[in-house]
2 protein chains.
Amino acid sequence: MNTLDELVESFSRFPGIGKKSAARIVTYLLKADPVFLRQFAHRIVTLQERIRPCSVCGAYTEADPCPICSDPSREKTLLCVVEQPQDVAIIEASREYAGLFHVLGGLIAPLDGVGPDSLGIPRLVSRVREGGFSEVILATNPTVEGDTTAFYIRQVLADTGVRVTRLASGLPVGGDLEYADRLTLSRSFRGRTSL
Amino acid sequence: MNTLDELVESFSRFPGIGKKSAARIVTYLLKADPVFLRQFAHRIVTLQERIRPCSVCGAYTEADPCPICSDPSREKTLLCVVEQPQDVAIIEASREYAGLFHVLGGLIAPLDGVGPDSLGIPRLVSRVREGGFSEVILATNPTVEGDTTAFYIRQVLADTGVRVTRLASGLPVGGDLEYADRLTLSRSFRGRTSL
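Residues numbered from 1 in each chain as written. Chains lettered and ligands numbered in written order. Predicted model: local features only at pLDDT ≥ 70, side-chain atom pairs only at ≥ 80, totals over all residues. Heavy atoms only, no water.

1. Brief notes about the interface of chain A and chain B
Contact residues are listed per partner, giving 37 residues for chain A and 37 residues for chain B. Taken together, the two surfaces of chain A and chain B that pack against each other cover about 4,100 Å², and 71% of this comes from carbon and sulfur. Here chain A is connected to chain B by two salt bridges. Across the salt bridge formed by A:R43 and B:E6, the nearest N and O atoms sit 3.5 Å from each other. Elements with a contribution of two residues or more to the side of chain A that touches chain B: α1 (3–11), α2 (19–31) and α3 (34–50) of chain A. With 13 residues, α3(A) is the largest single contributor of residues to the side of chain A that touches chain B. Classifying every residue of the side of chain A that touches chain B gives 22 nonpolar, seven polar and eight charged. (Contact = heavy atoms within 4.5 Å. Buried area = accessible area lost by both parts, 1.4 Å probe. Salt bridge = Lys/Arg side-chain N within 4 Å of Asp/Glu carboxyl O. Helix = DSSP H or I, 4+ residues; strand = E, 2+ residues; numbered from the N terminus. Nonpolar A, V, L, I, M, F, W, Y, C, P; charged D, E, K, R; others polar.)

2. Examining the state of the cysteines
All names here are of chain B. In the structure shown here, the tally under the stated rule is zero disulfides over all chains. Unpaired in terms of disulfides, C57 finds its nearest cysteine sulfur in C69, a separation of 3.7 Å. The structure places no disulfide on C80, whose sulfur is separated from the nearest cysteine sulfur, that of C57, by 11 Å. (Disulfide = S-S within 2.5 Å.)

3. Some details on the sheet that holds strand β3 (residues 75–82) of chain B
Residue and element names in this part refer to chain B. Taken together, the four strands give an open sheet; going across it, the order is β4-β3-β5-β6, and neighbouring strands pair in parallel fashion. In the strand order of this sheet, the two ends are held by β4 (99–103) and β6 (163–166), each with one partner. The average undirected angle you get between the axes of adjacent strands in this sheet is 25 degrees. When strand β5 (residues 135–138) meets β6, the two strands line up parallel, connected through four bridges. The residue bridging I137 from the neighbouring strand is T165, located in β6. Set on the sheet, helix α4 (residues 85–94) makes contact with β3 and β4; between it and β4 the angle comes to about 155 degrees. Across the sheet, helix α6 (residues 144–156) is in contact with β3, β5 and β6; its angle to β6 comes to roughly 170 degrees. (Pairing = 2+ DSSP bridges. Axes fitted to C-alpha atoms, helices over the stretch in contact; angles between N-to-C directions.)

4. Here's the deal with the pattern of salt bridges
Close approach of charged atoms allows side chains with opposite charge to pair. Applying the stated rule across the entire model yields 14 salt bridges over all chains. A single network of salt bridges, built from pairs that share partners, joins A:D147, A:R166 and A:R187.

5. Looking at the packing of α1(A) against α2(A)
Residues and elements named next belong to chain A. Packing of α1 against α2 leaves a shortest axis separation of 8 Å and a crossing angle of 125 degrees. One finds that α1 runs oblique with respect to α2. Like other packed secondary-structure pairs, α1 and α2 cross with a definite hand, here right-handed. Residues L4, L7, V8, E9 and F11 of α1 form the contact with α2, whose participating residues are K19, A22, A23, I25, V26, L29 and L30. Looking at the contact of α1 with α2 residue by residue, the classes come out as ten nonpolar, no polar and two charged. (Parallel < 35°, antiparallel > 145°, perpendicular 65-115°, else oblique. Left-handed = near helix turned anticlockwise from the far one by under 90°.)

6. A short note on the nonpolar core
Judged by nonpolar contacts, the single largest core of 40 residues is most densely connected at A:F11 and B:F11. The residues contacting A:F11, other than those within four sequence positions of it, are A:I17, A:A22, A:I25, A:V26, A:L29, A:F40, B:F11, B:F14 and B:F40. (Core = buried A, V, L, I, M, F, W, Y, C linked by side-chain atoms within 4.5 Å. Buried < 20%, exposed > 50% of the residue type's maximum accessible area, 1.4 Å probe, protein only.)

7. Examining the domain arrangement of chain A
Domain assignment breaks chain A into domain 1 (3–50) and domain 2 (71–166). Here the C-alpha centre of domain 2 of chain A lies 35 Å away from the C-alpha centre of domain 1 of chain A. (Domains from an automatic or database assignment.)

8. Remarks on the sheet that holds strand β5 (residues 135–138) of chain A
All names here are of chain A. An order of β4-β3-β5-β6 is seen for the four strands of this open sheet, with the pairing classed as parallel. Both edges of this open sheet fall to β4 (99–103) and β6 (163–166), since each of them pairs with a single strand only. Ignoring which end each strand starts from, the neighbouring axes of this sheet average 25 degrees apart. In the sheet, strand β3 (residues 75–82) pairs with β5 via four bridges, with the strands oriented parallel. Counterpart to L79 in the pairing with β5 is V136.

Here it is as structure tokens:
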């Protein structure tokens, strides 16, 4: 196996990349600027030592606390709870939310032996008790595990007096009734809003 | 911009990779085995110095001549002409062909100023004149440029006495008449074979 085939093999390990896409990428790299290649390779080897979870919210960051936690202009009364560190970047990209985050690092999945304690839900509870939050927004995915985790968190935060909300679930914008599954349709009915 | 965002940006330059796929890959890399990451980065920086075009056929190779050109078991009377170095790997993967290759490095495109000489077609002609080939198979894509280049090569090889053939063009296996375009359908009629 030569470097070319080895590199195709490496790229095809990545999520969403098949053999053909990997070959196309390696062909691109063969003709790419050598300066870019060295920079790219350097970023890959330094990635894991530079990027760590924020000690406050759990988002991926180079500085600790992360730029969001240490930004004085964020709304410190709002806390958005997400499953994974990468969900923070997705929500940030929407520019819809200006509060703080809390990364669970997973969802409650009794069959896989993942309970509330291994997810750092106790850490979330103590953070909510300490901080002056007025609302906790549960932004876990609208799946069985995501819903279960959201309901569990709602319960354990019940006596804190903080308002607990959940992201709306329904038809995606640009979607089509014809292609909506029964559950999504049912949720979009139950969560209907006045016009 | 931190290393994470820089790396997402780097990956999203690659063909077929959007921002979301890039973010998913970088998340994968964050959790990947550090040994794999170092190896992967090393392969990227050494790629361009290790992989060169074969001086005989033009395919990407680490050794020169390439493993195909120097393999004594290949059928030395067959020569398959392809547009790009990566086409060699695609044809090799089909295991349908055991002869030699010739990479043009492009197709005739007068509007882009690409003529026969800049494609090394003279090199192909002299290779065919020297070598004991019985057949030259033109495997350029069935596009306007691919067809033009194939017709041109057929003409310049006319006086060599070597048989010049072209890959069959028609309906793809598993395809559907309903989705075939008019030209493909027309070619599949003209190239029909007896059953």
